[in-house]
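Architecture at a glance
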Amino acid sequence: MPYYRSVGHVPPKRHTQHRDAEGRLLYEELMGEEGFSSDSSLLYHREIPSAITGSRVWEPAGQDTTANHPLKPRHLRPHDLWPGEEWRGTDAVTGRRLLLGNADVRISYAVAGAASPLYRNGTGDECVYVESGSATVETVFGTLAARAGDYVLLPRATTHRWLPEGDEPLRLYCVEANSHIAPARRYLSKYGQLLEHAPFCERDLHGPADVLSATGEDVEVHVKHRGPRGELLGTVFTQATHPFDVVGWDGCLYPYTFSVHDFEPLTGRVHQPPPVHQVFEGDNFVICNFVPRKVDYHPLSIPVPYYHSNVDSDEVMFYCGGDYEARKGSGIGQGSVSLHPGGHAHGPQPGAYERSIGAEFFDELAVMVDTFRPLELGEGALAAEDPAYAWTWAGRGQGV
């Protein structure tokens, strides 16, 4: 069981009596995915975790999407969505701005300076990349330290909150799935262990090391969930007691962090395809990262990507550090997001193909999401689009 963890106090046998030091019976909660047929953990609460005293509607802002039609590549500048000091009063949950989405995955961006409410995503797992800043993420399983370059993986229905630290804005790139998000299956043995050829290992995955054992009454929790037709809904529960009253848990489902700086890039004599950069996957999408690395060493190699028609995928790149060689001259910079849709042949900007010849090292950092269903544009994308980007390969056309 390579991912098994046990934190705090748990009984020697599951589904048996577990009492605290005063002899009070604790309440066991199974948190699992895919019914009772996938990963799960058992948590032990001081009070009944199902007890609620209120329920009201919460309407997450700006969740509608618009088709990418007529089809074209897009460049988004989400940094522009928070001018001045507006981020100081924004939190990492209710302040998210939707960039792109489909039935499988939704990609949002947030810049936060305020503590978030307690939050539970009941629609699927979340993978949140920390572009800059730092935070403590308090969860029902315990605390996580989130730093620049960290992916924070939060399983479906994990109650948690984001607490930004310091005076720097907390910039987050949020990938919300309608499924489980896990390390890429091709890196795993048939029993689930990360194999020798994987570019990271279990030592790089950092789960909670403590429990919070919090107390309190009538605590509000924002819950995102699905309606009967698959629509996205929100509810605020008032829970009778604090959901972080857990004294111990064990199992194979829990939140964890993984630093992009612990990813060991795979390289070759000629240019390697995007799957070598893969980290995680969910239903109908994958997450990859491009990190600083030595590049192709064949004497006639061309290190930047060849032009490709991704007929099966929409490709989304988030440029979060370094100098991305293939996009020079396009206006893309730190914090940019590009959408290269299926049906459009995309690749490096004019001149990048030639300039890369002879390069030995790329100092770049980018997170890529490839989806297998078309992505639509959220309100954040429409508010932060660079209208000239689609025509930069030709150097002429609309907007140029």
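Quick caveat, the model's predicted, so the values are computed rather than measured.

**A few points about the packing of aromatic side chains**
Counting across every chain of the model gives 18 aromatic pairs. On the basis of an interplanar angle of 80° and a centroid distance of 6.4 Å, the ring pair of Y129 and F318 is categorised as edge-to-face. Taken together, the residues Y129 in strand β10 (residues 126-132) and F318 in strand β26 (residues 314-322) connect sequence positions 189 residues apart. When its relative accessible area of 2% is taken as the criterion, Y129 is described as buried. For the ring pair Y151 and F258, a centre distance of 6.3 Å and an interplane angle of 15° mean the geometry is stacked. Placement of the pair is Y151 in strand β13 (residues 150-154) and F258 in strand β21 (residues 256-259), with a sequence separation of 107 residues. On the basis of relative accessibility, which here comes to 0%, the residue F258 falls in the buried class. Pairwise contacts between aromatic rings join W82, Y109, Y129, Y151, Y173, Y187, F200, F258, F263, F280 and F318 into one cluster.

**Here we look at the sheet that holds strand β31 (residues 376-378)**
The sheet built from 9 strands is open, its strands ordered β5-β31-β7-β8-β15-β10-β13-β21-β17 with antiparallel pairing. With one partner strand each, in any of the chains shown, β5 (65-66) and β17 (205-206) form the two edges of the open sheet. Pairing of β10 with β13, which is carried by 4 bridges, proceeds in the antiparallel orientation. Each bridged residue has a counterpart across the sheet, and for E126 the counterpart in β13 is L154.

**Re the pairing of strand β30 (residues 364-371)**
Burial analysis of β30 places 8 of its 8 residues in the buried class, which makes it a mostly covered element. Going residue by residue along β30, you find E364, A366, M368 and D370 tucked away on one face and L365, V367, V369 and T371 tucked away on the opposite face as well. Two strands pair when backbone bridges link them, and strand β23 (residues 285-290) and β30 are joined in this way by 6 bridges, in the antiparallel orientation. Residue F285 lies in a different strand from β30, and its bridge partner there is T371. Relative to β30, β26 runs antiparallel, the two sharing 8 bridges. Within β30, the position partnered with E315 by the bridge is D370.

**Observations regarding the sheet that holds β26**
Read from one edge of the open sheet, 7 strands run β6-β27-β26-β30-β23-β22-β16, paired in antiparallel fashion. Where the open sheet ends on each side, the last strands, each with one partner, are β6 (74-76) and β16 (182-183). Where β6 lies against strand β27 (residues 337-340), 3 bridges are found, and the strand directions are antiparallel. By the bridge assignment, R74 is partnered in β27 with L339.

Definitions and limits used
- Residues numbered from 1 in each chain as written.
- Predicted model: local features only at pLDDT ≥ 70, side-chain atom pairs only at ≥ 80, totals over all residues.
- Heavy atoms only, no water.
- Phe/Tyr/Trp six-rings, centres within 6.5 Å; stacked < 30°, edge-to-face > 60°.
- Helix = DSSP H or I, 4+ residues; strand = E, 2+ residues; numbered from the N terminus.
- Buried < 20%, exposed > 50% of the residue type's maximum accessible area, 1.4 Å probe, protein only.
- Pairing = 2+ DSSP bridges.

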